[in-house]
Amino acid sequence: MSAFAMENGNSSYPNGSEDFLAKLNDEGLNIINYLSYRHNTDSYDNSGNKKDMKFDSKAIVDTFRIIYNTGLKPFGGSLGVHMLIPVVDLELKTPGGNDDASGVADVVIGVNEAFHSKNRHIIVGIDVTTPTGDYNKNDIANLGKNHYTIEPYALTHYITDTGFEIGAKFMYDYNTENNDTDYKSGQEFHIDYIMGQHFGPYNVGLGGYLYKQITDDKQNGSEIEDYRAQAAGIGPVFKYGYKSASFTVKYVKDFAVENTSGGDQYWFKINYAF
């Protein structure tokens, strides 16, 4: 059995990555760059208590997201396709030893359709995380997860005439089996959320995530009971918009963690609509 649920705590989606709604062109190219630093220093058991074990994880991730909105409107929305390319520098210290890895991790491809009105914005889509990152079952630190993740999602934001914004991205993940280890991580439900106020070109608010593993992991075809991961996070978010670009900084602190690791996240995001 792995050290954490979700085969060593390796969920495909970086919880807490979405916040204030990004300004995107309905037709043409849009670029978002997510730069994050995550430092996990504690691991937790099934009751949410800290484990007495040596563990330290540091990850710097620069994810380049390319979005192309086609201009097509098959259901009245704006049809788009996108790709996320994460570059990772990972350092792990565990009871089983220390290891590090650097390079391109698992690439994500997806399709979505956006529906916009004066105050409400809705995006529905599906992402597929592909096992493109380097993986070796004998290594402690791996760039890839060696399985696919299929993630349908729905994002909704409401912005009042006075500039108050509340929004959330709802996601459900289905993971295929890691054939090298005969391990299949469970299905996951998670939400990124944001609420805050616009002050001209500035946005200030609180954001974070809620995460819950829905089904049991399986090892060699057998379910692993009482071993589901969960976590939540919250922290301040600040955004500045200038013409076709925006810049976002964010801090997220994990809490209510079970069967995985927790710590601190720092984000810097740049969005540019061509």
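You'll find the structure just up there.
Residues numbered from 1 in each chain as written. Predicted model: local features only at pLDDT ≥ 70, side-chain atom pairs only at ≥ 80, totals over all residues. Heavy atoms only, no water.

Focus: the pattern of salt bridges
Scanning all chains against the criterion turns up nine salt bridges. For arginine 38, the salt bridge identified is with aspartate 254, shortest N-O distance 2.8 Å. Of this pair, arginine 38 sits in strand β1 (residues 27–43) while aspartate 254 sits in strand β15 (residues 245–258), and the two are 216 residues apart along the sequence. Take arginine 38: its relative accessible area is 23%, and that puts it in the partly exposed class. Given the relative accessible area of 9%, aspartate 254 is considered buried. In this structure, aspartate 161 and lysine 118 form a salt bridge, with 3.4 Å as the shortest nitrogen-oxygen distance. Note that aspartate 161 is positioned in the loop between β7 (149–159) and β8 (164–175) and lysine 118 in the loop between β5 (108–116) and β6 (120–129), a separation of 43 residues in sequence. In this structure aspartate 161 comes out as exposed when scored by relative accessible area, which is 60%. Three or more residues joined by partner-sharing salt bridges are found here, namely Glu18, Asp19, Arg65, Lys250 and Lys269. (Salt bridge = Lys/Arg side-chain N within 4 Å of Asp/Glu carboxyl O. Helix = DSSP H or I, 4+ residues; strand = E, 2+ residues; numbered from the N terminus. Buried < 20%, exposed > 50% of the residue type's maximum accessible area, 1.4 Å probe, protein only.)

Let's talk about a nonpolar patch on the surface
Taken together, Leu35, Ile60, Phe199, Tyr202, Val204, Phe238, Tyr242, Phe247, Val249, Phe268 and Ile270 make up a surface patch of nonpolar side chains, about 940 Å² in accessible area. Among the elements of the structure, β11 (202–213), β14 (230–242), β15 and β16 (261–273) are those that each provide at least two residues to the nonpolar patch. Along the chain, the position of isoleucine 60 falls in strand β2 (residues 56–70). A relative accessible area of 42% means that isoleucine 60 is categorised as partly exposed. (Patch = residues over 30% accessible without salt bridge, like charges linked within 9 Å, V, L, I, M, F, W, Y side chains within 5 Å. Areas by Shrake-Rupley, 256 points an atom, 1.4 Å probe, with all protein chains shown as cover.)

Examining the packing of aromatic side chains
One pass over the structure, following the stated rule, counts six aromatic pairs. Consider the rings of phenylalanine 4 and phenylalanine 55, whose centres lie 5.3 Å apart with planes at 80°: the pair is edge-to-face. Here phenylalanine 4 is found in the segment before α1 (5–9), whereas its partner phenylalanine 55 is found in the loop between β1 and β2, with 51 residues between them in sequence. Ring centres of tyrosine 202 and tyrosine 240 lie 5.2 Å apart, and the angle between their planes is 40°; this geometry places the pair in the tilted category. In this pair, tyrosine 202 is assigned in strand β11 and tyrosine 240 in strand β14, connecting sequence segments 38 residues apart. Judged by its relative accessible area of 38%, tyrosine 202 is partly exposed. These aromatic residues form a ring-pair network of at least three members: Tyr37, Tyr251 and Tyr266. One residue, lysine 169, lies across the ring of tyrosine 153, its end atom 4.7 Å from the ring centre. A cation sits over an aromatic face here: lysine 250 above tryptophan 267, 5.4 Å from the ring centre. (Phe/Tyr/Trp six-rings, centres within 6.5 Å; stacked < 30°, edge-to-face > 60°. Lys NZ or Arg CZ within 6 Å of the ring centre and 35° of its normal.)

Quick notes on the pairing of strand β4 (residues 97–104)
Relative to β4, strand β3 (residues 78–94) runs antiparallel, the two being bridged by eight bridges. Within β4, the residue paired with valine 88 across the bridge is glycine 103. (Pairing = 2+ DSSP bridges.)

Side note on unusual backbone geometry
Phi is positive for asparagine 8, close to 65°, though the residue is something other than glycine. Locating asparagine 8 in the fold gives a position in helix α1. Residue classification places asparagine 8 among the partly exposed positions, given a relative accessible area of 40%. A positive phi is found at aspartate 182, a non-glycine position, where the angle reads about 55°. Residue placement: aspartate 182 occurs in the loop between β8 and β9 (183–184).

Here we look at the pairing of β1
With 14 bridges joining them, β1 and β2 adopt antiparallel strand pairing. In the sheet register, tyrosine 34 faces β2, and the bridge partner there is threonine 63. Where β1 lies against β16, 13 bridges are found, and the strand directions are antiparallel. When the bridges of β16 are listed, asparagine 33 appears paired with isoleucine 270.

Details of the sheet that holds β9
Taken in spatial order, the three strands line up as β9-β12-β13 in an open sheet, and their pairing is antiparallel. At either margin of the open sheet sits one strand with a lone partner, and together these are β9 and β13 (222–224). As paired strands, β9 and strand β12 (residues 217–219) are joined by two bridges and run antiparallel to one another. Counterpart to tyrosine 183 in the pairing with β12 is glutamine 219.

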